[in-house]
Amino acid sequence: MRLTLIIFAVFIASISIVSAQGIGSGGTIKDDGRFAASTKQLNQFFRRFNAEESIDGNTRFYPGDSLYHNQALRKGFIQVLFDNQTSGISPALKIQFADQVLSEVYPQYLSFHQEGWFAEVKAEFFFQGKRESATLILKIQPQGLGYEWVIDAVDFGPFRNLFDKPVGDEKDFLHPLSHELGFMNLRRAFQDSELPEAFTRSSFSPDYLTIFLYEMKKGNLRFDTVSDVRFHFFQIDGWYFEVAQFNRPGFNTGWLISSLVRLNPGDKEMLQKFIYGEN
């Protein structure tokens, strides 16, 4: 207990709060040189959230170190990992989140190599002579002795209305006795119809990533630049939060929590579909 109080006191002493930035307040941090307020890298966001580095960011903590995953150190870090200038996350919600994450019975941590988080990358492409924006979803997966980022899905404007499968009485179909005709009536699907997707199974869902890669391989799609990157986390039980990068004056900068939501049953799946552009 004494060690915990000393650690927390050192953390508080290392930052001078002009208008307290911590949970339940807003403002800026005056840096006295011992605390690097800006979370400059996403890896550093993980380390700070878990209390795996020192206050000044110069020392890494590993299992067995006295300060590794220390609760008081984590509390101080988590307070400065929120966007406290523009996000509008309520102080009460931050407190609820921190209380759960810092639970003495079941503390929760972030893991870079586990499922439950992914990147959303907005990029610019040239497609058929026009500049178009695409949203790519990337995930970490094992590769050999390490890991790699892979493209999991794409949301691309020109493809959104590429397939418009009709339903109900408006849907054309192949007669159940088509096999008796040797399926010669496939002409209806492949020649006469402008909606060949109408003749697919009920659960048919187009694979837009495959189409995207095909157009790239054919030379019709060309990458230009990345315009925005953010990360979505579902690793904390019952919570979702987004991490975005803030480049601005002051000390509440770098990779910070920009959105925080308490999840009810079913919310996770609905929110993931929304992020993936499936709604």
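As the structure is a prediction and not an experimental result, all values here were calculated from the model.

Cut-offs applied
Residues numbered from 1 in each chain as written. Predicted model: local features only at pLDDT ≥ 70, side-chain atom pairs only at ≥ 80, totals over all residues. Heavy atoms only, no water. Helix = DSSP H or I, 4+ residues; strand = E, 2+ residues; numbered from the N terminus. Buried < 20%, exposed > 50% of the residue type's maximum accessible area, 1.4 Å probe, protein only. Contact = heavy atoms within 4.5 Å. Areas by Shrake-Rupley, 256 points an atom, 1.4 Å probe, with all protein chains shown as cover. Pairing = 2+ DSSP bridges. Axes fitted to C-alpha atoms, helices over the stretch in contact; angles between N-to-C directions. Phe/Tyr/Trp six-rings, centres within 6.5 Å; stacked < 30°, edge-to-face > 60°. Polar contact = N/O pair within 3.5 Å; in protein donor to acceptor, adjacent residues only side chain to side chain. Salt bridge = Lys/Arg side-chain N within 4 Å of Asp/Glu carboxyl O. 1 Å grid on protein atoms, 1.4 Å probe; cavity = no way out; pocket = protein on both sides within 12 Å on 5 of 7 lines; lining within 4 Å. Points joined across faces, edges and corners; volume = space filled by probe spheres on them. Nonpolar A, V, L, I, M, F, W, Y, C, P; charged D, E, K, R; others polar. Core = buried A, V, L, I, M, F, W, Y, C linked by side-chain atoms within 4.5 Å. pLDDT = per-residue confidence, 0-100.

(A) Geometry of the overall build of the protein chain. When you go through the protein chain residue by residue, the secondary structure sums to 7 helices and 8 strands. For the protein chain, buried positions account for 39% of its 279 residues. Considering only residue pairs separated by 6 or more positions, the protein chain has 58% of its internal contacts joining residues 24 or more positions apart. As displayed, the protein chain has an accessible area near 16,200 Å², and 53% of this comes from carbon and sulfur atoms.

(B) Here's a closer look at the environment of Asp224. With respect to the helices and strands, Asp224 occurs in strand β6 (residues 221–233). Given the relative accessible area of 31%, Asp224 is considered partly exposed. For Asp224 and Ser133, which are 91 residues apart along the polypeptide, the C-alpha to C-alpha distance reads 9.8 Å. In contact with Asp224, other than residues within four places in its own chain, are Glu124, Phe125, Phe126 and Arg131.

(C) Spatial organisation of the sheet that holds β6. A sheet is described by the order of its strands in space; here 6 strands give the open sequence β5-β4-β3-β6-β7-β8, paired in antiparallel fashion. Every interior strand has two partners, whereas the edge strands, β5 (146–156) and β8 (254–262), have only one. Strand after strand, the sheet turns through a mean of 35 degrees between neighbouring axes, direction not considered. Pairing of strand β3 (residues 117–127) with strand β4 (residues 130–143) involves 9 bridges; the strand directions are antiparallel. Across the sheet, residue Glu124 finds its bridge partner in β4, namely Ser133. Contacting β3, β6, β7 (239–246) and β8, helix α2 (residues 42–50) runs over the sheet at an angle of about 135 degrees to β7. Packed on one face of the sheet, helix α6 (residues 208–217) meets β3, β4, β5 and β6 and runs near 95 degrees to β5.

(D) View of the packing of aromatic side chains. For the structure on display, the rule yields 29 aromatic pairs. Summarising the aromatic geometry, the rings of Phe125 and Phe223 are spaced 5.5 Å apart at their centres and angled 70 degrees between planes, so their arrangement reads as edge-to-face. Highlighted residues: Phe125 in strand β3 and Phe223 in strand β6, separated in sequence by 98 residues. According to the relative accessible area criterion, Phe125 is buried, its value standing at 3%. For Phe223, a relative accessible area of 45% puts it in the partly exposed group.

(E) Helix α3 (residues 71–79), seen in detail. Most of α3 sits inside the fold, with 7 of its 9 residues counted as buried. Residues of α3 that are buried include every one of Ala72, Leu73, Arg74, Gly76, Phe77, Ile78 and Gln79, and no others. For α3, the N-terminal cap is Asn70; the gap from its side-chain oxygen to the backbone nitrogen of Ala72 is 3.1 Å.

(F) Spotlight on the pairing of β5. Bridge count between β4 and β5: 10 bridges; the pairing is antiparallel. Residue Leu138 lies in a different strand from β5, and its bridge partner there is Ile151.

(G) The arrangement of the pattern of salt bridges in detail. As enumerated under the stated definition, the model contains 12 salt bridges in all. With a shortest N-O distance of 2.9 Å, Glu242 and Arg230 are connected by a salt bridge. Of the two residues, Glu242 is situated in strand β7 and Arg230 in strand β6; the sequence distance between them amounts to 12 residues.

(H) Spatial organisation of the layout of surface pockets. The space that makes up the largest pocket amounts to roughly 490 Å³. If you trace the largest pocket, you find 19 residues lining it, with Ser205, Pro206, Tyr208, Gly277 and Glu278 closest to the centre. Elements supplying a minimum of two residues to the lining of the largest pocket: β5 and α6. Across the lining of the largest pocket, the residue classes tally to 10 nonpolar, 3 polar and 6 charged.

(I) Quick peek at the nonpolar core. Core analysis: the biggest nonpolar cluster contains 40 residues, and Phe45, Phe49, Phe97, Phe212, Phe241 and Val243 have the highest contact counts within it. Looking at this core, the element that brings in the most residues is β3, giving 6 residues. Counting 9 residues, the second-largest nonpolar core is a separate cluster that includes Ala153, Phe234, Tyr240 and Tyr276.

(J) Here's a closer look at the pairing of β4. Hairpin connection from β3 to β4: 2 residues lie between these consecutive antiparallel strands, with Gln128 at a positive phi of about 50 degrees. Between β4 and the antiparallel strand that follows it, β5, lie 2 residues; Gly144 among them carries a positive phi value of about 60 degrees.

(K) Spotlight on the environment of Phe125. The spatial distance from the C-alpha of Phe125 to the C-alpha of Arg222 is 5.4 Å, given a sequence separation of 97 residues. With near-sequence residues (within four places) excluded, Phe125 lies in contact with Lys130, Arg131, Glu132, Ala134, Leu136, Phe212, Met216, Leu221, Arg222, Phe223 and Asp224.

(L) Representation of the confidence of the model for the protein chain. With 86% of its residues at a pLDDT of at least 70, the protein chain reaches an overall mean of 86. In this model, residues 1–35 is a region of pLDDT below 50 whose contacts with residues beyond four sequence positions or in other chains number 59 contacts.

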